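# Structure assessment
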Amino acid sequence: MSYTFITAARITMSREGFDTWMDAPVPPASRIENPSAMFAGWWWSDRTPQWSTDADAETPRSVLAERADDPQTLTVLRHHDGALEAYLWTVGHSGFWEPPAQQLLLMLAGAAAVKTDDTEDHVLFWEDAAGTLPTRDESALISLLAVGRDSARFVGRRPLADLLTRLAPVEEAFAELAESHDD
């Protein structure tokens, strides 16, 4: 049995910060202040995440190169309008969706080191059936990662309307990619 998941983010940073982040190692789970709270407050709140304790030397660039060769992924990742924007669609198979999803969350948590402002940005992760933001059913969200200038942490329920509005441009870019991929 397979599922589809989307990881989406908009994290403010300079173009130089984006380039630095692309070649920085993906951090270990300890980069997130509360990795055990990955599911807290959302759809699978009764689940306990199983994080790998091994630090991975991969970089966002190498993770994205692997995704480019995988026919079960579609990836939009760009520097646009002063921010890293990501929309990462992934087919996950029963029993093996969590490690790849966590790798993407850690990759985006690592962007905290190059953020250019003091606001918190967010990474959304949800199970998906339509390739779209979870606007009609916020309960489909699996986790929400807040990325500050120097930290990242999972947060529970909060209104998502402002976050979804900020992600609309990268969702549109993803829709264009998906349409061209179908052709």
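Structure's up top.
Numbering of residues begins from 1 in every chain and follows the order in which that chain's sequence is written. Only residues with pLDDT of at least 70 get local features here, since the model is predicted, and only at 80 or more are side-chain atom pairs given and counted; chain-wide, interface and lining totals rely on the full set of residues. Only hydrogens and water are set aside; all other atoms, that is, all heavy atoms of the structure, feed into the side-chain values.

## Some words on the overall build of the protein
- Strands here are runs of E lasting at least two residues and helices are runs of H or I lasting at least four, both read from the DSSP assignment and numbered beginning at the N terminus. Counting its secondary structure elements, the protein contains four helices and six strands.
- Ordered by position from the N terminus, the helices and strands of the protein form the series β-α-α-β-β-α-β-β-β-α.
- Looking at the protein as a whole, 50% of its 183 residues qualify as buried.
- Exposure was quantified through the Shrake-Rupley algorithm and a 1.4 Å probe, taking into account, for residues, occlusion by the shown protein chains and nothing else. Per element, the accessible surface of the protein, about 8800 Å² overall, is 51% carbon and sulfur. Only protein chains enter the accessibility calculation, which uses a 1.4 Å probe; a residue is then buried when its area is under 20% of its type maximum, exposed when over 50%, and partly exposed in between.

## So, the layout of surface pockets
- The pocket and cavity definitions rest on a 1 Å grid over protein atoms only: a 1.4 Å probe that fits but cannot leave marks a cavity, an open set with protein on both sides within 12 Å along at least five of seven lines marks a pocket, and residues lining either have an atom within 4 Å of a point. Grid points are joined across faces, edges and corners, and a volume is the space filled by probe spheres set on the points. Of the volumes computed, that of the largest pocket is approximately 580 Å³.
- If you go around the largest pocket, you meet 30 residues; those closest to its centre are Pro-99, Pro-100, Ala-101, Gln-102 and Gln-103.
- Those elements that provide at least two residues to the lining of the largest pocket are β1 (2–12), α2 (60–68), β3 (83–93) and α3 (98–109).
- Examining the composition of the lining of the largest pocket, we find that seven residues originate from one element, α3, more than from any other.
- Polar here means any residue outside two lists: the nonpolar Ala, Val, Leu, Ile, Met, Phe, Trp, Tyr, Cys and Pro, and the charged Asp, Glu, Lys and Arg; Gly therefore counts as polar. Of the residues belonging to the lining of the largest pocket, the class tally is 16 nonpolar, nine polar and five charged.

## Thoughts on the nonpolar core
- Judged by nonpolar contacts, the single largest core of 39 residues is most densely connected at Trp-21, Leu-77, Leu-84, Met-107 and Leu-108.
- Among the elements of the structure, β1, α1 (15–22), α2, β3, α3, β4 (121–128), β5 (141–147) and β6 (152–155) are those that each provide at least two residues to this core.
- Contacts between residues were defined by any pair of non-hydrogen atoms, one from each residue, lying within 4.5 Å. Ignoring anything within four residues of it in the chain, the contact list for Leu-108 reads Thr-7, Ala-9, Ile-11, Trp-21, Leu-84, Ala-86, Leu-88, Val-123 and Val-147.
- In these notes, a set of buried Ala, Val, Leu, Ile, Met, Phe, Trp, Tyr and Cys residues joined through side-chain atoms within 4.5 Å is what counts as a nonpolar core. In this structure, Trp-89, Trp-126, Leu-167 and Ala-178 belong to the second largest nonpolar core, which totals 22 residues.

## Considerations on the pattern of salt bridges
- What counts as a salt bridge is simple: a side-chain nitrogen of Lys or Arg found within 4 Å of a carboxyl oxygen of Asp or Glu. Evaluation of the coordinates by the stated rule reveals twelve salt bridges.
- When the shortest N-O distance is used, the salt bridge between Arg-78 and Glu-85 registers 2.7 Å.
- Linking Arg-166 and Asp-121 is a salt bridge whose minimum nitrogen-to-oxygen distance equals 3.2 Å. Note that Arg-166 is positioned in helix α4 (residues 161–182) and Asp-121 in strand β4, a separation of 45 residues in sequence.
- Salt bridges linked by common partners bring Arg-10, Arg-78, Asp-81 and Glu-85 together as one network.

## Topic: the packing of α1 against α2
- In contact at an axis separation of 6 Å, α1 and α2 are set at 70° when each is read in the N-to-C sense. If you check the angle between α1 and α2, you find them roughly perpendicular. Contact residues: Asp-19, Trp-21 and Met-22 in α1; Pro-60, Arg-61 and Leu-64 in α2.
- Split by residue class, the contact of α1 with α2 holds four nonpolar, no polar and two charged. Every axis corresponds to a line fitted to the C-alpha atoms, with the helix fit spanning only the stretch in contact, and the corresponding angles, defined between N-to-C directions, vary from 0 to 180 degrees. When describing relative orientation, an angle under 35 degrees is termed roughly parallel and one over 145 degrees roughly antiparallel, while 65 to 115 degrees is termed roughly perpendicular and anything else oblique.

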